[in-house]
Structure formats: C-alpha cells, structure tokens
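A look at the structure
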Amino acid sequence: MSAPSSQDGVSDQNALAQIELHKALAPRYAYRYSFEFSRLFQQDWHAEMISHVPAGAKHILDLGCGTGFFLAELEEKHPGSVGLDISHEMLKVSDQYVPGVRLVTGDAERLPFQKGRFDVVFCKGSLHHTRDHVAFLKNCREVLGPDGKLIMSEPCNDNPIIRAARAILYKKSQHFDVGDQGFTKAGIISLCEQAGFEVTLVKKYGILAYTFAGFPDHLGILRYIPGNALITKLFIGLDRLLCATPVLNLLGFHIVIVGKPKVGA
Ligand SMILES: C[S@@+](CC[C@H](N)C(=O)[O-])C[C@H]1O[C@@H](n2cnc3c(N)ncnc32)[C@H](O)[C@@H]1O
C-alpha cells in the first residue's frame, strides 16, 4: 500500500510529514536496538506491555509498529500478530526482526481492517505522532471486539521539567515533528474516555533506564561504560520502585495505559 489518500487536510499533511520524518529515523531505530543494554531496556518495556494481554487473545495489532522490535517479542508469545505503520521505510527494517509477520503500510487514522477484528491493539509511542487523538483512539475501538483491550505506552508530561525538556527537544530536533506532543495522565485518560474506552490501568514507566539506556541514538553515554548491561538492569529495578511510589512516579517519562471498550459507548 502506498501513501494514504486525501480525506482530511490536517491529518493528511501530518501523515506525509510523518512518512518523511521516519524515512530518516529508520536506520536510527536499527542502531537504537543494536546494543545489549538498550535491548535489555526495550525488552523490559515490551514485557511490561505484553503482560497485559488477556489469556486467549489471538488477534493482535501493533499500531505504529515501526521497525518491529516490539512485534518480534510479541510474536514469540502471541504468534500471528499484525503490524501496521505509515512509514514503509520503518517497515522495511521490521522485516529484519520479524520475517514472515504480516506487516501493513497504512494510516492509523484510516485503518484498513474489519470492525471488531482484533482482541488486542497495541500502540507504543504512535498516538502522539497523530493530530486527532480521539479519532485515532476511536479507530482502535472500532477494530477491537467487545472484549478487546487497548494497551498503549505514550510520553508522559505530568512532570513540568520533563514537559519543558520535551517541548524543546520536539521543537529543536530534526528527529521529531513540532506538532508531536506528550500527554498528562488526566489528559490521556480523558482522550480514551472520549473515544469510548474505560481505562482499567494506568502506570508510569521509565526513569533512569529510559534516559540512559533507551535511546543510544540520542544519549549514548552508557556505550562507553563497562558493565552497561548490569547498570541497565539496576536502573530498571530502581525505576520499578520509583514508578510505584506516589509523587516520585512524577519522574516517569512514559505512561502505560490499558483500556477496554465501554459498554454502550
Ligand atoms: C515513536 S515511533 C514508535 C515505533 C515502535 N512502536 C517502537 O516502539 O519502536 C512511532 C511510529 O508511529 C508511526 N506513525 C506515525 N503516525 C502514524 C500513523 N498515522 N499511522 C500509522 N503509523 C504512524 C511512525 O511511522 C513510527 O514508526
């Protein structure tokens, strides 16, 4: 499938901007996952998300699957998942991690799937790249069955320092689009509710390990430190404690949110 057809001006412009942006990002993602320590962090993050898949779920969609590292781990536990991304360049890298998995080039704002087709929709870091968040989430709801689950992880801006840092990074860095944004906890819950979801779980994720191990393409200091895999494991453990502690969890960079379709919505 090629670029999406024209329906809505803002979404269309953004879709093209995202395709362009991610052309350059695809090799950076491959680099991001090429270190043992960064893979350890990403694997922990993915395990956290995958732990919310209900028993018996068979049909799973990873919306905005990018270069497919998450999908590869999902596939080990739940074979037969489908990945969709707007960027063909990102999906080309996916082939390397998940050969044989069904990958679809398409726009999350216009999903090419039957209603009720999936038991689970994952969305790791793709919602904030779209402009009409409620429409995006409504699309997720539409392709989920009545007992389906939405499992997301998105950048969290509850902490004013993180919010400011992110705003600067998104504005200044060529690796982000200026319209991309993080969410507050209250804000993302409200978006989910507006789209017809009942939110069943919200937790912060990622502080030290996120900063130092997650993105060697942005911050590569751990590459030079011996024992970086061990340090990452330590950070992951510490982060778990911090994220489970009221107030300290304001340091969390991401928010994991699980929802189910609201009855009658
Ligand atoms: C931050 S990356 C995350 C990729 C992957 N989930 C991961 O965690 O490595 C966001 C992804 O969302 C995709 N994306 C952005 N807008 C999209 C849209 N409207 N429809 C589908 N994918 C989109 C981008 O191409 C990119 O691969």
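Note: the structure precedes this text.
Think of each chain on its own: its residues are numbered from 1, step by step along the sequence as written. The model is predicted, so local features are restricted to residues of pLDDT at least 70 and side-chain atom pairs to those at 80 or more, both for listing and for counting; the totals for chains, interfaces and linings are taken over all residues. Side-chain numbers come from the whole structure's heavy atoms, not from hydrogens or water.

Details of helix H6 (residues 160–172)
Under the scheme used here, helices are H or I runs from DSSP no shorter than 4 residues and strands are E runs no shorter than 2 residues, and both carry numbers assigned from the N terminus. One less than the residue count of a helix, multiplied by 1.5 Å, gives the span that helix is expected to have. Given a rise of 1.5 Å per residue, 13 residues ought to cover 18 Å, and the 18 Å separating the end C-alpha atoms of H6 matches this to within 8%. Only protein chains enter the calculation, and the probe is 1.4 Å; a residue is then buried if its accessible area is under 20% of its type maximum, exposed if over 50%, and partly exposed in between. When H6 is considered as a whole, its buried residues turn out to be Ile162, Arg166 and Tyr170. Seen along its axis, H6 keeps its buried residues to an arc of 60°; they face one direction. With respect to the buried face of H6, the exposed residues turned more than 90 degrees away are Pro160, Ile161, Ile168, Lys171 and Lys172. Note: the arc covers the axis-to-C-beta directions of the helix.

Section: the side chain of Asp44
Within the secondary structure layout, Asp44 lies in helix H2 (residues 36–50). Given a relative accessible area of 15%, Asp44 falls into the buried group. Side-chain atoms alone can form a polar contact between residues adjacent in sequence; in general such a contact is a pair of N or O atoms within 3.5 Å, and within protein one must be able to donate a hydrogen while the other accepts it. Here the side chain of Asp44 touches Arg240 through a polar contact of 2.3 Å, side chain to side chain.

Observations regarding the packing of aromatic side chains
Ring pairs shown here join Phe, Tyr and Trp side chains whose ring centres sit within 6.5 Å, with only the six-membered ring taken for Trp; geometry is labelled stacked below 30 degrees between planes, edge-to-face above 60, and tilted in between. Enumeration according to the criterion identifies 14 aromatic pairs in this entry. Among the aromatic side chains, those forming a connected cluster through ring pairs are Phe41, Trp45, Tyr205, Tyr210, Phe215 and Phe253. Lysine NZ or arginine CZ positioned within 6 Å of the ring centre and within 35 degrees of the ring normal marks a charge as sitting over the ring. Over the ring of Tyr29 we find Arg32; its NZ or CZ atom is 4.2 Å from the centre of that ring. In this arrangement the basic side chain of Arg117 is found over the ring face of Phe118, its NZ or CZ atom lying 4.9 Å from the centre.

Section: the state of the cysteines
Disulfides are defined as cysteine sulfur pairs within 2.5 Å. If you walk through the whole model with that rule in mind, you get zero disulfides. Left without a disulfide partner, Cys140 is nearest to the cysteine sulfur of Cys123, which lies 5.9 Å away. Residue Cys140 is classed as buried on the basis of its relative accessible area of 0%. Cysteine Cys243 is unpaired, with the sulfur of Cys156 as its nearest cysteine sulfur at 9.7 Å.

Interpretation note: all reported values are geometric properties and have no functional meaning in isolation.
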